[in-house]
Amino acid sequence: MSGDEEGDDVSDAESEEEDEANLLPIERKAKKLRQKEVVDKQLAQEELDMNIKQTEVYKLPSGQDISRDSNLAPDLELLKQRIRDIMQVLGDFSSRRDSGTSRQSYVSQLRTDLCTYYGYNEFLMEKLMEIFPQDIIEFLEANEIDRPVTIRTNTLKTRRRDLAQALINRGMNLDPIGKWSKVGLVVYDTQVPIGATPEYLGGHYMIQGGSSFLPVMALAPQQHEKNLDMAAAPGGKTSYMAALMQNTGTIVANDKNKARLKAVIGNLHRMGITNSVITNSDGKDIIKYANNFDRVLLDAPCSGTGVISKDQSVKANKDEVDIAKCSQLQRQLLLTAIDCCDAKSSSGGYIVYSTCSILVEENEQVIDYVLKKRAVKLVSTGLDFGKEGFSQYKYHRFHPSLKHTRRFYPHTHNLDGFFVAKLKKLANMEGAADERVTDEPMAAEPMETVDSEPATETTKAAPKSKPSKSSPKKKQWNRLKKIEKMGRQKKLQSQETSGSTGNTSRKRKHLK
């Protein structure tokens, strides 16, 4: 029997050799490649099974290991591998966790390692991990890379196609920024300085980040309107508004920083803008001399957490106090912007609020606050891309219409981190200016949470009854009285200083 089997094996081998001899050279090579692919697949599967067994359970480093490593220079390769391992554990926590370690311990170690590896402080990293629980690594890596250089065509002087051809002839490699913009160009590399070409000096284009196009596109200014740009420097958004209005109507370009207004003046002159008035005023006070605008654009001052690639100092410098101050200022500015807008405008009545921050405290919470304070509603921004804003975040529950707001991320859209919201004013509220002024002394107070009751306000239209001595609001009542007294004193001082020098000196002598 064994002899028969051996004979069969020999005959099979001989037949295989004969078949292989009959094959063409290319067929023999293809057969060898298929055999090699089978072997490679088996080896890869064995390696994958081995890796899965090794990473099934990942144990965090002990306290002794952490204390020993803290005294040494950080090993970046070790940190990077540990970050990957912890992310894998969190992705399949039930099967890969260590039985004696909680999820919070893994998250805490991951936050510490990310802070060490990328250079962030604990506060900001915690905020970012809450916003990006799954793709935090992609976001942090995107912040280490510069965004593409983009320019905006000035349609008052040229067309994008003609500008692109002229710049290509000068040695620039560029492409349209995307289907969402008809005026933007991305510059990949150039043989000439972008800010020194004859086209630039002649005002044919503006060097402007792609995300800065978005607020103006959402505002959609129309011809012959009276519009306001509350924080105009360095003039990119103002010039874009003027181009969309075809140099008709009026634009009031305001900025608090007088030094930055020089850039606004230079850019508007270079771009050929003739319908703009430049003012230097605190945005909270602009309603005193300018109001009844058809549309208002507020690109509010912020923490800059969306443009970390441009300013790496944000990683370590921003803390909870800075965010609270920014949020309070943004609320005051947005209330003023709404009050400056005319709800009865035949073509407008819109306010666009934008920031270069991705934190909820500076975006959704600010919008939700003003929805409770003014007769406004959120409408669609008209932007056909971007992620919806948060209608709920952690334990906060915002107004459902916040889905109309848009968020833009560097790792998703290859733009600076940005937030855009568009509001429609429904009615002009009487006494709104008085309400806004009483809000100003509260700037140093901690930021309220969304779920809490709105802050008590002292308005002429709604006088407050004095609480009893046993009331828990007695301290708040006394503080409000003190604020009202300070306001009256400031008003008297302003009246005194507004008089002539002679009258002032006589008053001082009389007081002496």
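Student: Which residues make up the packing of helix H4 (residues 76-91) against helix H6 (residues 103-118), and what values do they have?
Tutor: Contact pair H4 / H6: the axes reach a minimum separation of 10 Å and the direction vectors enclose 145°. The handedness of the crossing between H4 and H6 is left-handed. Every residue of H6 that contacts H4 at Leu76, Leu79, Lys80, Arg82, Ile83, Ile86, Met87, Val89 and Leu90 is listed here: Arg103, Tyr106, Val107, Gln109, Leu110, Asp113, Leu114, Thr116 and Tyr117. Split by residue class, the contact of H4 with H6 holds twelve nonpolar, two polar and four charged.

Student: Which residues make up the sheet that holds strand S3 (residues 184-190), and what are the values?
Tutor: Taken in spatial order, the four strands of this open sheet run S2-S3-S1-S4, and their pairing is antiparallel. Across the chains shown, the open sheet's two edge strands, defined by having one partner strand only, are strand S2 (172-176) and strand S4 (205-207). Averaged over neighbouring strand pairs, the angle between their axes works out to 35° when direction is ignored. Across five bridges, the pairing between S2 and S3 is antiparallel. When the sheet's bridge partners are listed, Leu174 is paired in S3 with Val187. Lying on the sheet, helix H9 (residues 160-169) is in contact with strand S1 (149-153), S2, S3 and S4; it crosses S2 at an angle near 160°. Sitting on the sheet, helix H13 (residues 261-271) is in contact with S1 and S4, with an inclination near 155° to S4.

Student: An account of H4 is needed here, citing residue identities and associated values.
Tutor: Residues that lie three or four places apart on an α-helix share one face, since the helix turns once every 3.6 residues. With 16 residues, H4 extends 22 Å between its outermost C-alpha atoms, agreeing within 8% with the 22 Å of an ideal straight helix rising 1.5 Å per residue. Along H4, the positions that sit buried rather than exposed are Leu79, Arg82, Ile83, Asp85, Ile86, Val89 and Leu90.

Student: Tell me about the side chain of Ser401, and name the residues and values.
Tutor: For Ser401, the location among the structural elements is in the loop between strand S13 (396-397) and strand S14 (406-408). Since its relative accessible area comes to 14%, Ser401 is described here as buried. Dropping the residues within four chain positions of it, Ser401 is found in contact with Leu371 and Leu378.

Student: Account for the pattern of salt bridges, naming residues and giving values.
Tutor: For the coordinates displayed, the defined rule picks out 16 salt bridges. In this structure, Arg374 and Asp339 form a salt bridge, with 2.9 Å as the shortest nitrogen-oxygen distance. Pair noted here: Arg374 is in the loop between helix H16 (364-373) and strand S10 (376-379) and Asp339 is in helix H15 (residues 320-340), with a separation of 35 residues, a long-range link. Here the two residues Arg374 and Asp339 agree in accessibility, since each one is buried. The residue Glu364 makes a salt bridge to Arg407 at a minimum N-O spacing of 2.8 Å. Taken as a pair, Glu364 in helix H16 and Arg407 in strand S14 lie far apart in primary sequence, 43 residues in all. The burial state of Glu364 is the same as that of Arg407; both residues are buried. Where salt bridges share partners, they join Lys256, Asp282 and Lys284 into one cluster.

Student: An account of the nonpolar core is requested, with residue identities and associated values reported.
Tutor: For soluble globular proteins, nonpolar side chains are generally found buried alongside one another. Ranked by size, the top nonpolar core spans 59 residues in total, and within it Leu114, Leu140, Leu334, Ile367 and Leu423 carry the most contacts. It is H15 that contributes the most residues to this core, seven residues altogether. Every residue in contact with Leu423, bar those within four places of it in the chain, is listed here: Leu334, Ile338, Gly349, Tyr350, Ile351, Val370, Leu371, Val376, Lys377 and Leu378.

Student: Lay out H15 in plain terms, naming residues and giving numbers.
Tutor: Its 21 residues place the ends of H15 30 Å apart at the C-alpha level, agreeing with the 30 Å of an ideal helix rising 1.5 Å per residue. Burial runs high along H15: 15 of the 21 residues are buried. Residue Asp319 occupies the N-cap position of H15, its side-chain oxygen lying 3.3 Å from the main-chain nitrogen of Val321.

Student: For the packing of aromatic side chains, give the residues involved together with the corresponding values.
Tutor: Applying the stated criterion to the full structure yields ten aromatic pairs. Taking 6.0 Å as the distance between ring centres and 70° as the angle between the ring planes, the aromatic pair formed by Phe213 and Tyr240 counts as edge-to-face. Placement of Phe213 in helix H11 (residues 213-219) and of Tyr240 in helix H12 (residues 236-244) is noted, with a sequence separation of 27 residues between them. In this structure Phe213 comes out as buried when scored by relative accessible area, which is 0%. In this arrangement the basic side chain of Arg331 is found over the ring face of Tyr369, its NZ or CZ atom lying 4.6 Å from the centre.

Student: Give a description of the pairing of S3 that names residues and reports values.
Tutor: Looking down a regular strand, the side chains alternate between one sheet face and the other. Pairing of S1 with S3, which is carried by four bridges, proceeds in the antiparallel orientation. Residue pairing for S3: Val149 is matched across the bridge by Val187.

Student: Lay out the environment of Ser345 with the relevant residues and their values.
Tutor: Mapped onto the secondary structure, Ser345 falls in the loop between H15 and strand S9 (350-355). Taking the C-alpha atoms as reference, Ser345 lies 9.7 Å from Lys425; in sequence the two are 80 residues apart.

Student: Tell me about unusual backbone geometry, and name the residues and values.
Tutor: In the segment running from Ala233 into Pro234, the intervening peptide bond is cis, with an omega of 5°. For Pro234, the location among the structural elements is in the loop between strand S5 (226-229) and H12. At His224, a position not held by glycine, the phi torsion is positive, near 65°. By the secondary structure assignment, His224 is in the loop between H11 and S5. Despite not being glycine, Asn292 shows a phi value in the positive range, around 55°. By the secondary structure assignment, Asn292 is in the loop between strand S7 (276-280) and strand S8 (295-299). Since its relative accessible area comes to 48%, Asn292 is described here as partly exposed.

Cut-off values and rules
- Residues numbered from 1 in each chain as written.
- Predicted model: local features only at pLDDT ≥ 70, side-chain atom pairs only at ≥ 80, totals over all residues.
- Heavy atoms only, no water.
- Axes fitted to C-alpha atoms, helices over the stretch in contact; angles between N-to-C directions.
- Helix = DSSP H or I, 4+ residues; strand = E, 2+ residues; numbered from the N terminus.
- Left-handed = near helix turned anticlockwise from the far one by under 90°.
- Contact = heavy atoms within 4.5 Å.
- Nonpolar A, V, L, I, M, F, W, Y, C, P; charged D, E, K, R; others polar.
- Pairing = 2+ DSSP bridges.
- Expected span 1.5 Å × (residues − 1).
- Buried < 20%, exposed > 50% of the residue type's maximum accessible area, 1.4 Å probe, protein only.
- Salt bridge = Lys/Arg side-chain N within 4 Å of Asp/Glu carboxyl O.
- Core = buried A, V, L, I, M, F, W, Y, C linked by side-chain atoms within 4.5 Å.
- Polar contact = N/O pair within 3.5 Å; in protein donor to acceptor, adjacent residues only side chain to side chain.
- Phe/Tyr/Trp six-rings, centres within 6.5 Å; stacked < 30°, edge-to-face > 60°.
- Lys NZ or Arg CZ within 6 Å of the ring centre and 35° of its normal.

By themselves, these figures tell us nothing about what the structure is for.
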